[in-house]
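Okay, here's what each chain looks like letter by letter:
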Amino acid sequence: MFIGYLPYRAEDTFSEKLRMAGCHQIIRETEAGNRSGLSELINGLNEGDVLILCHSSHAGTETDFLRVLVQVGSKCAHFVSIDEDFDTLRDTTLHYAEASH
């Protein structure tokens, strides 16, 4: 399942990007500075699910972003950041393909 995440008061253009990326569900924070929706979303991920953010900064600080990557990976799920063209499934697959040559 593709699941999108939006921080509090994110612009509507971000919501549209997530829909265009094929998100089946979009979680939007309802309070400023709160990331409980993101935490719950990550806790509910299943193997093969894809968490999609428009930008890595939507996860919070750089440390928060790295924590999200580790947590998503520990669930055997994948992470995509649309604006940075970052996709853990694609990038991992490319890395292994290049290493095998």
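It should be emphasised that the depicted structure is a prediction, and the values quoted were computed from it without experimental measurement. (Residues numbered from 1 in each chain as written. Predicted model: local features only at pLDDT ≥ 70, side-chain atom pairs only at ≥ 80, totals over all residues. Heavy atoms only, no water.)

## So, the nonpolar core
Now for step 1: Of all hydrophobic cores here, the largest spans 14 residues; its most connected members are L38, I42, L45, L51, V68, V72 and F79.
Now for step 2: Breaking this core down by element, the ones donating at least two residues are β1 (2-6), α2 (36-43), β3 (50-53) and α3 (62-74).
Now for step 3: Apart from the residues within four sequence positions on either side, I42 is in contact with L51, V68, Q71, V72 and K75.
Now for step 4: Listed in part, the nine residues of the second largest apolar core include L6, F14, L18 and C54. (Core = buried A, V, L, I, M, F, W, Y, C linked by side-chain atoms within 4.5 Å. Buried < 20%, exposed > 50% of the residue type's maximum accessible area, 1.4 Å probe, protein only. Helix = DSSP H or I, 4+ residues; strand = E, 2+ residues; numbered from the N terminus. Contact = heavy atoms within 4.5 Å.)

## Observations concerning the pairing of β3
Now for step 1: Both faces of β3 are covered, namely the face carrying V50 and I52 and the face carrying L51 and L53.
Now for step 2: Alignment of β3 against strand β4 (residues 78-81), held across four bridges, turns out to be parallel. Residue pairing for β4: L53 is matched across the bridge by S81.
Now for step 3: For the handedness criterion, the β-α-β arrangement of β3, α3 and β4 is classed as right-handed. (Pairing = 2+ DSSP bridges. Right-handed = clockwise from strand over helix to strand, strands pointing away.)

## A few points about the environment of V68
Now for step 1: Positionally, V68 belongs in helix α3.
Now for step 2: Taking the relative accessible area as the measure of exposure, V68 reaches 5% and is therefore buried.
Now for step 3: Along the backbone, V68 and F79 are eleven residues apart, and their C-alpha atoms lie at a distance of 8.7 Å.
Now for step 4: If we skip the residues at most four places from it in the chain, V68 touches L38, I42, L51, A59 and F79.

## A few points about the side chain of T88
Now for step 1: With respect to the helices, strands and loops of the structure, T88 is situated in helix α4 (residues 88-99).
Now for step 2: At a separation of 2.9 Å, a polar atom in the side chain of T88 contacts the main-chain amide nitrogen of F79.
Now for step 3: Aside from chain neighbours lying at most four places away, what touches T88 is L69, H78 and F79. (Polar contact = N/O pair within 3.5 Å; in protein donor to acceptor, adjacent residues only side chain to side chain.)

## Concerning the pattern of salt bridges
Now for step 1: Going through the model one piece at a time under the given rule, you end up with three salt bridges.
Now for step 2: Here E16 makes a salt bridge to R19, at a shortest N to O gap of 3.5 Å. Separated by three residues within a single helix, E16 and R19 lie in helix α1 (residues 12-20), roughly one turn from each other.
Now for step 3: On the basis of relative accessible area, R19 is assigned to the partly exposed category, the value being 48%.
Now for step 4: Between R67 and D64 there is a salt bridge; the shortest N-O distance is 3.0 Å. Placement of the pair is R67 and D64 together in helix α3, with a separation of three residues, close to one helical turn.
Now for step 5: A residue is classified by how much of its surface remains accessible, and R67, at 43% relative accessible area, is partly exposed. (Salt bridge = Lys/Arg side-chain N within 4 Å of Asp/Glu carboxyl O.)

All we've got here are geometric facts, nothing functional implied.
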